[in-house]
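Residue-level listing of the chains:
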Amino acid sequence: MSWLLARWTPHLLVAGVLILLGLVSASRMYFGYEAAGHAISVADALGSGLLEWVLWAPLLPFVRRLAGAFAFEPGRFARSALAHTGAGLVASLVEIVLFGAASAAIREGRFGSGSFAGELASGFVFKLHTGFVAYWAALLGFLAWGYAARLRDEALRRAELDRTLAEARLAALQSQLAPHFLFNTLNAISAALRDDPDEAERMLARLGDLLRAVLARRAEPQQTLEQELAFLASYLELQKERHGERLTVEMRVDPRALPERVPCFLLLPLVENALQH
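Residues numbered from 1 in each chain as written. Predicted model: local features only at pLDDT ≥ 70, side-chain atom pairs only at ≥ 80, totals over all residues. Heavy atoms only, no water.

Visitor: For the nonpolar core, give the residues involved together with the corresponding values.
Guide: By size, the foremost hydrophobic cluster in this structure holds 19 residues, and its most contacted members are Met203, Phe231 and Leu268. Elements that contribute at least two residues to this core include exactly helix H6 (128-195), helix H7 (197-217), helix H8 (225-243) and helix H9 (268-276). Among the nonpolar cores identified, the runner-up in size contains 14 residues, and Trp53, Ala91, Ala134 and Tyr135 belong to it. (Core = buried A, V, L, I, M, F, W, Y, C linked by side-chain atoms within 4.5 Å. Buried < 20%, exposed > 50% of the residue type's maximum accessible area, 1.4 Å probe, protein only. Helix = DSSP H or I, 4+ residues; strand = E, 2+ residues; numbered from the N terminus.)

Visitor: Give a detailed account of the pattern of salt bridges, specifying residues and quantitative values.
Guide: Side chains that differ in charge, positive against negative, can pair when their charged atoms come close. All chains considered together, the criterion is met by 4 salt bridges. The closest approach of N and O atoms between glutamate 250 and arginine 252, which form a salt bridge, is 3.0 Å. In this pair, the class of glutamate 250 matches that of arginine 252, namely exposed. Notably, a salt bridge pairs arginine 256 with aspartate 254, separated by 2.8 Å at the nearest N-O pair. Classification of aspartate 254 by relative accessible area gives partly exposed; the value is 36%. Because the salt bridges share partners, they merge into one network encompassing Glu154, Arg157 and Arg158. (Salt bridge = Lys/Arg side-chain N within 4 Å of Asp/Glu carboxyl O.)

Visitor: Requested: an account of a nonpolar patch on the surface, with residues and values cited.
Guide: There is a patch of nonpolar side chains on the surface, built from Ile19, Leu20, Leu23, Val24, Val42, Leu46 and Val54 and spanning about 560 Å² of accessible area. Per-element tally for the nonpolar patch: the top contributor is helix H1 (residues 2-36), with 4 residues. Among the structural elements, valine 42 can be located in helix H2 (residues 42-54). The exposure class assigned to valine 42 is partly exposed, which follows from its relative accessible area of 48%. (Patch = residues over 30% accessible without salt bridge, like charges linked within 9 Å, V, L, I, M, F, W, Y side chains within 5 Å. Areas by Shrake-Rupley, 256 points an atom, 1.4 Å probe, with all protein chains shown as cover.)

Visitor: I'd like a description of the confidence of the model for the protein chain, backed by residues and values.
Guide: Summary statistics for the protein chain give a mean pLDDT of 76 and a share of 81% for residues scoring 70 or more. Ranking the helices and strands of the protein chain by mean pLDDT puts strand E2 (residues 261-263) first, with 84, and helix H5 (residues 116-126) last, with 67. (pLDDT = per-residue confidence, 0-100.)

Visitor: I'd like a rundown of the side chain of glutamate 228, residues and numbers included.
Guide: Topologically, glutamate 228 is positioned in helix H8. Classification of glutamate 228 as buried rests on a relative accessible area of 0%. Once residues within four sequence positions are removed from consideration, glutamate 228 is found in contact with Gln223, Val262, Pro263, Cys264, Phe265, Leu266, Leu267 and Leu268. (Contact = heavy atoms within 4.5 Å.)

Structure follows, in structure tokens:
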């Protein structure tokens, strides 16, 4: 569905502009006839004004294809301008033929007299330049849409690259933090083994719990602040086994911040440095 919308949205936008131009043309025709003292119905003015521009709708896919094939790029500007000038003239002639046939058929049906040759001759005189302008208006619309789409895609690619780079850096940081944390904790347990084997045993049990928490978080680069603080609380309980009453911890956290997501082990280096220094 999204690809279908992306494909036809520029066509619909350009068609909307053509309809708007048709309404403007119809209003000019209606008020022009009124000012000249000639009677014309609103329906006739709308039919004639809209017909002139709406007949461009079947030509829009070709205009868009030409916009992609002959884009105005460095080194190709003159070639593209020449190609679109010729294409604009051809498209104008095709639209004049379509308008002449449709207008002649309408006149034949309503008034019993419709001349395709007369409509064609009138179209060459009065509509060739407007058709050329319509082609370039549609062309510029498609070029602007394509340029905006390329800018959007480039921005999305850059955002994706930035996100991937940030995740890679975070993963590298976490891979460094986990061994560092384990090394410091094992040093603390090693020191406790000499002085208090029971304390060392309790520390090993808490270390096992922490390692399970670390492994559970390796698959996710982020976690909630509440989970991060719970991990730190377990780590500090482990450190209390070593430092005893010398270690006092007080956490003051705004409850509204607890659901926010943060990188895993974001606060661990700060706590380790505070304990060490």
